[in-house]
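Below are the chains, spelled out letter by letter.
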Amino acid sequence: MADPASIGLLILQVLYTMVFSVYSIIESIARTILPRDYFRKDITGQIVLVTGGGSGIGRLMCLKFAGRGAKIVTWDVNAEGNAETVRQVADTGAFCRGYTVDLCNRKEIYAIAKRVKEEVGKVDILVNNAGIVTGKKLLDCPDESIIRTFDVNALSHFWTVKAFLGDMMLSNKGHIVSIASMAGWIGANGLVDYCSSKFAAVGFNDALHLELKVDGATGIKTTVVCPIYISTGMFEGVVTNKLFPILTPDWVASETVDATLMDVPVLMLPKTMRIGLLLRLILPDKVNYKLAQLTGVTTMMDGFVGRRKAE
Ligand SMILES: NC(=O)c1ccc[n+]([C@@H]2O[C@H](COP(=O)([O-])OP(=O)(O)OC[C@H]3O[C@@H](n4cnc5c(N)ncnc54)[C@H](O)[C@@H]3O)[C@@H](O)[C@H]2O)c1
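Reading the values: the criteria
Each residue is numbered by its place in its chain's sequence as written, counting from 1. Whole-chain, interface and lining totals are the exception, using all residues; otherwise, since this is a predicted model, local features are given only for residues with pLDDT of at least 70 and side-chain atom pairs are given and counted only at 80 or more. Each helix is a run of DSSP H or I of at least 4 residues and each strand a run of E of at least 2, with the numbering of both proceeding from the N terminus. Helix span is expected to be 1.5 Å times the residue number reduced by one. One fitted axis covers the seven residues ending at a residue, a second covers the seven starting there, and the bend at that residue is the angle between these axes. Between the buried cut of 20 or more and the exposed cut of 12 or fewer other C-beta atoms within 10 Å of a residue's own C-beta lies the partly exposed class, and all C-beta atoms are placed from the backbone. Residue pairs qualify as contacts under a 7 Å threshold applied to their C-beta atoms, which are placed from the backbone. Should DSSP find at least two bridges between two strands, the strands are taken to pair. Axis definition: a line fit to C-alpha positions, over the contact stretch in the case of helices; interaxial angles, taken between N-to-C directions, run 0 to 180 degrees. Put simply, a nonpolar core is a cluster of buried Ala, Val, Leu, Ile, Met, Phe, Trp, Tyr and Cys residues tied together by C-beta atoms within 7 Å. Near residues are defined by distance alone, with the backbone-placed C-beta atom required to lie within 6 Å of the molecule or strand. Three classes are used: nonpolar for Ala, Val, Leu, Ile, Met, Phe, Trp, Tyr, Cys and Pro, charged for Asp, Glu, Lys and Arg, and polar for all others, with Gly counted as polar. For this classification, under 35 degrees means roughly parallel, over 145 means roughly antiparallel, 65 to 115 means roughly perpendicular, and everything else is oblique. By definition, turning the near helix anticlockwise from the far helix through less than a right angle yields a left-handed crossing, and turning it clockwise yields a right-handed one.

On to helix H5 (residues 143-171). Given a rise of 1.5 Å per residue, 29 residues ought to cover 42 Å, and the 41 Å separating the end C-alpha atoms of H5 matches this to within 8%. Along its length, H5 reaches its greatest deviation from straightness, about 50 degrees, at leucine 155. Buried within H5 we find Thr149, Val152, Asn153, Ala154, Leu155, Ser156, His157, Thr160, Ala163, Phe164 and Met168. Those residues of H5 that are buried lie in contact with strand E1 (47-51), helix H4 (106-119), strand E4 (125-128), strand E5 (174-179), helix H6 (192-214) and strand E6 (220-227). A positive backbone phi angle near 45 degrees is found at asparagine 172, which sits one or two residues after H5.

On the basis of which strands lie adjacent, the open sheet formed by seven strands has the order E3-E2-E1-E4-E5-E6-E7 and parallel pairing. Both edges of this open sheet fall to strand E3 (96-100) and strand E7 (266-269), since each of them pairs with a single strand only. If you compare each strand with its neighbour and ignore which way they point, the axes differ by 15 degrees on average. Both E6 and E7 contribute to a ladder of four bridges, which runs parallel. Bridging across to E7, valine 224 finds its partner in valine 266. Strands E1, E4, E5 and E6 of the sheet are contacted by H5, whose axis makes an angle of about 175 degrees with E4.

Glancing now at the environment of valine 127. Inspection of the secondary structure assignment puts valine 127 in strand E4. Since 31 C-beta atoms lie within 10 Å of it, valine 127 is described here as buried. Residues valine 127 and histidine 157, spaced 30 residues apart in sequence, show a C-alpha to C-alpha distance of 9.3 Å. Not counting residues within four places of it along the chain, the set of residues in contact with valine 127 comprises Val48, Leu49, Val50, Thr51, Met61, Val177 and Ile179.

Moving on, we come to the nonpolar core. One finds Val48, Leu49, Met61, Cys62, Ile72 and Val127 to be the most contacted residues of the largest nonpolar core, which totals 70 residues. The element contributing the most residues to this core is helix H2 (residues 56-67), with seven residues. Setting aside chain neighbours within four positions, we find methionine 61 in contact with Val50, Val127, Asn129, Ala253, Thr256 and Val257.

So, on to the site of the ligand. Among the 30 residues in the neighbourhood of the ligand, the closest are listed as Gly52, Gly56, Val77, Gly131 and Thr232. The greatest single-element share of the shell around the ligand, amounting to three residues, is contributed by H2. Here the residues of the shell around the ligand sort into 15 nonpolar, 12 polar and three charged.

So, on to the environment of asparagine 78. You can see asparagine 78 is positioned in the loop between strand E2 (71-76) and helix H3 (79-91). In this structure asparagine 78 comes out as partly exposed when scored by C-beta crowding, with 18 C-beta atoms within 10 Å. As a C-alpha pair, asparagine 78 and alanine 180 span 102 residues in sequence and 20 Å in three-dimensional space.

For the pair H2 and helix H7 (residues 249-261), interaxial distance at closest approach is 9 Å and the crossing angle is 50 degrees. When the interaxial angle is binned, H2 and H7 end up oblique. The handedness of the crossing between H2 and H7 is right-handed. Facing Gly56, Ile57, Leu60, Met61, Lys64 and Phe65 of H2, the residues of H7 in contact are Pro249, Asp250, Val252, Ala253, Ser254, Thr256 and Val257. Classifying every residue of the contact of H2 with H7 gives eight nonpolar, three polar and two charged.

Now the structure itself:
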């Protein structure tokens, strides 16, 4: 029989958890409705490294973080696109250094990370943004493309975080941002390799988030960003209906930077996707299939051509 002292302790722990939960929910609502200026952290002089900064939302995030006073490091396999980002950020008067890195190459990631630390300094905010998509059905998808998709969209997160987290742990200060996708929560046809790699990125972030807390590294924050389609060119040819809008790159980049500055752990874009995810989890499979048809999810990839050339 359990002794009264341990039962009393358990009741106290349950009560504390309930009070803490109510407080946290009220705090979360306040952060949603009050002006964001109250909650953004100051990143003046901090070093922000963005992978895939050579185009799309990566470039826009470089510009927006620079606008907040940060020093920018951009990594991309596309040297030309990366140089253009460096030029655009430097034109604003901010510091920006570009490095050509192939995120499929683990040794190269570690080597360039070492150079960044020597040449620029300790990375305060790491944004794992680079991503690729094959856009083919599983049986048409070459093995090499599947491996490359996992290398860039998921495995590179392990290598970059391993390269920079140690320094963040020493000062108990830093932020790791993972640009995943709603495809990391809900699967879609024509995107089996992409969705699986994004599920991996979401899982990576979720486990790391808890591991840091348990290890007492409370000064190191994580943010995972999960948008639906964005008009960057990566998913060129995808057609959606009115129930499923295509997001603008500028809005996604702004929301991502704000979520980082406000230490938001999970950002789904649009935010209503949380309801979609809840329905996905609780409704019968047949209903989910009907909803996927209604929202056009099942046909969206029919016209996919993807990015034709590096921009
Ligand atoms: N575009 C969308 O609809 C959409 C939706 C949800 C999530 N996302 C995610 O957002 C992120 C940014 O996508 P985007 O739309 O800006 O695409 P984008 O193609 O404009 O940018 C991706 C960048 O990653 C770089 N990259 C690709 N492979 C690389 C490699 N091996 N090494 C280094 N860099 C590499 C590319 O050169 C490019 O600059 C990706 O992770 C993507 O999966 C995009």
